[in-house]
Amino acid sequence: MSVWDDLVGQEPVVAQLSSAAEGTSGLAHAWLFTGPPGAGRSAAARAFAAALQCEEAPRGCGHCASCHQVLQGTHADVEVVRPQGLSYGVKEARALVLRASSSPTGGRWQVVLFEDADRATEAAANALLKAIEEPPARTVWLLCTPSPDDLLVTIRSRCRLVTLRTPPISAVADVLALRDGVDRETADVVARAAQGHISRARRLATDPQARRRRAEVLAVPRRLSSVGPAVAAAESLVAAAKAEAKARTEELNESETSALRQALGESAKGRMPRGTAGALKELEARQKSRATRLERDALDRTLLDLASYYRDVLTLQLGAGTELVNTELGPELRTAAAQGRPEDTLKRLDAIMACRERLEANVNPLLAVEALTLALRTG
């Protein structure tokens, strides 16, 4: 098993990265990994980082100590940055640049893997720019964003581009069935439902709660009989997203707060030393920002599931002949297609995309989703 095995359906990317790691095509000091959600941007960057640190040939063997350490997130010379909140600030960026300037302690390179680099503020991006323009000789930057346009043109012009695609549904189903032991029928269903997003497909295959939440979202179009049920549907969608985010937030907050209090010297009676309140408040602020991001991400997944319903309806209305995403709802989708017009379905899809944009612009989630469900009701 090599480090490239998790890059499902990304053969051209594997060829590009393995060639660079071997030194046959030249190694740039800054790389930009782009692609739609679920394509595996972070997985590709992590595999490349492992290949750069690999101790054996071919690079990225997957079984040497360096490969294992990179993949497990414990390699001393691979700095992984995962912005937890809504944005990544200039203070954090300057600290990152300082860490990136150090020489590798044991590996071949000092690698900085920056997931969701599009969350960097303009000031943070400018702080990163100089480091990417003039990196130390043994430092490699790996930046991940959905699109090249998500970064400053001055940064992306200095990066070598790696473009990932949405994996074929058949390839995702194969991985779930052969590697994760999911039965083939379930693997096919969840691979289609996740629309090629392998981690989402794996979650749907293994987590009954995730499947239940998705089924409730897909039931929303049936509930929009009048204004009252439409408003109630909006409330339930937002409440479900909050509950999902809260469960994840509490799990992360507890471990982080406990670790920080211990590191700051908490006594056996739970008392903290003087001067530590600032660090705890800073952690609380980061956790609050992350909670907002997790809630927004959960709502966005909900909206994408809802969009898949109307995408199927439009496919049937236009006689496109492409496979449905929600095959288990075939009869209901055909009825909805027969009773409506393609123009109305397109309006509903536009309303979903507009809601996503409003949420990204910090509009109150309940107001944004209420406006959406009312628009879905009228078409």
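Refer to the structure presented above.
Just so it is clear, the structure is predicted and the values come from calculations on it, not from any experiment. (Residues numbered from 1 in each chain as written. Predicted model: local features only at pLDDT ≥ 70, side-chain atom pairs only at ≥ 80, totals over all residues. Heavy atoms only, no water.)

Peer 1: I'd love a proper account of the packing of helix H10 (residues 208-218) against helix H13 (residues 277-318), names of residues and values included.
Peer 2: Viewed as axis vectors pointing N to C, H10 and H13 meet at an angle of 55°, and their least axial separation amounts to 9 Å. By the angle class used here, H10 and H13 are oblique. Two packed elements cross with a definite hand, and for H10 against H13 that hand is right-handed. On H13, the residues touching Arg214, Val217 and Leu218 of H10 are Thr302, Asp305, Leu306, Ser308 and Tyr309. Taken together, the residues that form the contact of H10 with H13 break down as 4 nonpolar, 2 polar and 2 charged. (Axes fitted to C-alpha atoms, helices over the stretch in contact; angles between N-to-C directions. Helix = DSSP H or I, 4+ residues; strand = E, 2+ residues; numbered from the N terminus. Parallel < 35°, antiparallel > 145°, perpendicular 65-115°, else oblique. Left-handed = near helix turned anticlockwise from the far one by under 90°. Contact = heavy atoms within 4.5 Å. Nonpolar A, V, L, I, M, F, W, Y, C, P; charged D, E, K, R; others polar.)

Peer 1: How would you explain the pattern of salt bridges if you had to name every residue and give the values?
Peer 2: Tallied over the full model, the rule gives 24 salt bridges. Between Arg179 and Asp6 there is a salt bridge, with its nearest N and O atoms 2.5 Å apart. Separated by 173 residues along the polypeptide, Arg179 in the loop between helix H7 (169-178) and helix H8 (184-193) and Asp6 in the segment before helix H1 (11-22) bring together distant segments of the chain. According to the relative accessible area criterion, Arg179 is partly exposed, its value standing at 40%. (Salt bridge = Lys/Arg side-chain N within 4 Å of Asp/Glu carboxyl O. Buried < 20%, exposed > 50% of the residue type's maximum accessible area, 1.4 Å probe, protein only.)

Peer 1: Lay out the side chain of Ser66 with the relevant residues and their values.
Peer 2: If you trace the backbone, Ser66 turns up in helix H3 (residues 65-72). Polar side-chain contacts of Ser66 include one of 2.7 Å to the side chain of Glu55. Beyond its immediate stretch of four places on either side in the chain, Ser66 contacts Gln53, Cys54, Glu55 and His75. (Polar contact = N/O pair within 3.5 Å; in protein donor to acceptor, adjacent residues only side chain to side chain.)

Peer 1: Could you give me a rundown of the packing of helix H4 (residues 90-100) against helix H5 (residues 122-133), with the residues and numbers involved?
Peer 2: Running from N to C, H4 and H5 cross one another at 15°; their axes reach a closest spacing of 8 Å. With respect to H5, the axis of H4 lies roughly parallel. Seen from above, H4 lies across H5 with right-handed handedness. Contacts from Val90, Ala93, Arg94, Leu96 and Val97 in H4 reach Ala123, Ala124, Ala127, Leu128 and Ala131 in H5. For the contact of H4 with H5, the per-class residue count stands at 9 nonpolar, no polar and 1 charged.

Peer 1: For the nonpolar core, give the residues involved together with the corresponding values.
Peer 2: Grouped together as the largest cluster of nonpolar side chains are 34 residues, with contacts concentrated most on Trp4, Leu17, Trp31, Phe33, Phe48 and Leu142. Contributions of two or more residues to this core are made by H1, strand E1 (30-34), helix H2 (41-53), H3, strand E3 (110-114) and strand E4 (139-145). The biggest single contributor to this core is H2, with 8 residues. The residues touching Phe33, leaving out its near neighbours within four places in the chain, are Leu17, Arg41, Ala44, Ala45, Phe48, Leu142, Leu143, Cys144, Thr145, Val162 and Leu164. Membership of the second largest hydrophobic core comes to 32 residues, among which are Leu303, Tyr310, Leu349 and Leu372. (Core = buried A, V, L, I, M, F, W, Y, C linked by side-chain atoms within 4.5 Å.)

Peer 1: Run through the sheet that holds strand E5 (residues 160-163), naming residues and quoting values.
Peer 2: Backbone hydrogen bonds hold the strands of a sheet together, and the pairing may be parallel or antiparallel. The strand order across the open sheet formed by 5 strands is E2-E3-E4-E1-E5, and the pairing between neighbours is parallel. Lying at the two open borders of the sheet, with one neighbouring strand each, are strand E2 (78-81) and E5. Across the sheet, the mean angle from the axis of one strand to that of its neighbour is 15°, orientation sign disregarded. Bridge count between E3 and E4: 5 bridges; the pairing is parallel. The partner of Val112 across the bridge, within E4, is Trp141. Packing of H2 onto the sheet brings it into contact with E1, E2, E3 and E4, and relative to E4 it is tilted by some 165°. (Pairing = 2+ DSSP bridges.)

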